[in-house]
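Here are the chains, one letter per residue:
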Amino acid sequence: MNSFDGAMTTLGIVLGSYITGIISPSKIISIGLATAFAMGLSGFFGTYLTEEAEREAMLKEIEVAMLQKLRKTIVKRAHTFATLLVAIVDSLAPITSTLISLSPFFLSLYGILGIDYAVILSIFLTLVNLFYLGYFLGKISRKSLIKSGFKMLAAGIIATIVLLFIGKYG
Amino acid sequence: MIRKLVLDVMKPHEPSILDLSKSISRLNGIDGVNITVYEIDRKVENVKITIVGSNIDFEEVKKVIEENGAVIHSVDEVATGKKMVSESKTPQDFNVRMR
């Protein structure tokens with residue numbers, strides 16, 4: 001879900017920048033990367049602290065049932081590793097989504113792509129990313145992959161339409 | 001030298017008995033390990049661990065069991081010496097059964 005947050009936030013940055021006239025690729029990249037870093041940090045610490053608290057509670061329950069401490073065992077080490085791994089994944093997820101959405105602006109920065117095309121391509125890549133996230137969720141939950149993909153895509157399309165509407169009439 | 005050990009052990013569900021038996025069987029002097037679950041509840045399971053080998057090091061076995069989060073409740077059977085000796089049946093065993 002942090003990937004979804006990253007994609008939607010970056011979509012908002014790109015569209016918001018475009019409709020307010022901030023059409024410099026370097027500025028959009030700077031804002032996007034700063035936001036990605038903040039989301040990554042938030043993802044890491046938020047997930048780490050939550051997972052650590054939940055796993056600590058689980059470990060204590062097992063210790064009560066076992067009538068012994070498990071601090072120096074493989075059980076504790078596995079819990080610590082899992083907590084770190086989940087936190088790292090949760091921090092990288094929004095950063096990856098943001099980089100996907102910002103990639104056309106790097107091309108624009110080096111004059112390979114015009115800014116208008118970069119905006120269009122960024123929106124397209126974000127929507128594809130959202131569809132893929134839904135598809136992936138559908139695979140995990142063993143539900144219709146295409147339907148799940150389109151549900152996520154719908155969120156992105158709604159956001160795009162609303163922001164463009166605000167930009168035109170706001 | 002210890003040739004056979006039967007231990008009553010309580011362990012959390014993870015690591016599984018597959019992982020625990022592999023860890024014990026890797027020790028020197030151990031030829032085979034059998035782990036049977038005889039009781040399960042929500043958080044823990046009670047298992048019987050049977051270990052046979054040419055020269056079992058009890059302290060090493062205990063260390064591996066504890067490292068995997070398990071605890072030895074009791075040593076239920078042990079066979080030591082050059083030959084493996086099984087439990088002998090006595091008339092008292094038959095009397096108890098007939099009652």
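Just above sits the structure.
Residues numbered from 1 in each chain as written. Chains lettered and ligands numbered in written order. Predicted model: local features only at pLDDT ≥ 70, side-chain atom pairs only at ≥ 80, totals over all residues.

Draft legend 1. Layout of the nonpolar core. Within the largest apolar cluster, 16 residues are counted, with the highest numbers of intra-cluster contacts made by A:Leu11, A:Val14, A:Val119, A:Ile123 and A:Leu130. The set of elements that each furnish at least two residues to this core consists of helix H1 (2–19), helix H3 (74–109) and helix H4 (115–141) of chain A. Not counting residues within four places of it along the chain, the set of residues in contact with A:Val119 comprises A:Val14 and A:Tyr18. Residues B:Leu7, B:Val47, B:Ile51 and B:Ala70 belong to the second largest nonpolar core, which totals 15 residues. (Core = buried A, V, L, I, M, F, W, Y, C linked by C-beta atoms within 7 Å. Buried ≥ 20, exposed ≤ 12 C-beta atoms within 10 Å, placed from the backbone. Helix = DSSP H or I, 4+ residues; strand = E, 2+ residues; numbered from the N terminus. Contact = placed C-beta atoms within 7 Å.)

Draft legend 2. Structural view of the environment of A:Met58. Residues and elements named next belong to chain A. Tracing the backbone shows Met 58 in helix H2 (residues 25–66). A count of 14 C-beta atoms within 10 Å places Met 58 in the partly exposed class. Between the C-alpha atom of Met 58 and that of Thr 47, which follows or precedes it by eleven residues, the distance is 16 Å.

Draft legend 3. Representation of H4(A) in the model. All names here are of chain A. For H4, spanning 27 residues, the distance from its first C-alpha to its last is 39 Å, which sits close to the expected 39 Å at 1.5 Å a residue. Taken as a whole, H4 has its buried residues at Ala 118, Val 119, Ser 122, Ile 123, Thr 126, Leu 127, Asn 129, Leu 130, Leu 133 and Gly 134. Residues of H4 that are buried make contact with H1, H2, H3 and helix H5 (145–169). Following H4 by one or two positions, Arg 142 adopts a phi angle in the positive range, close to 55 degrees. (Expected span 1.5 Å × (residues − 1).)

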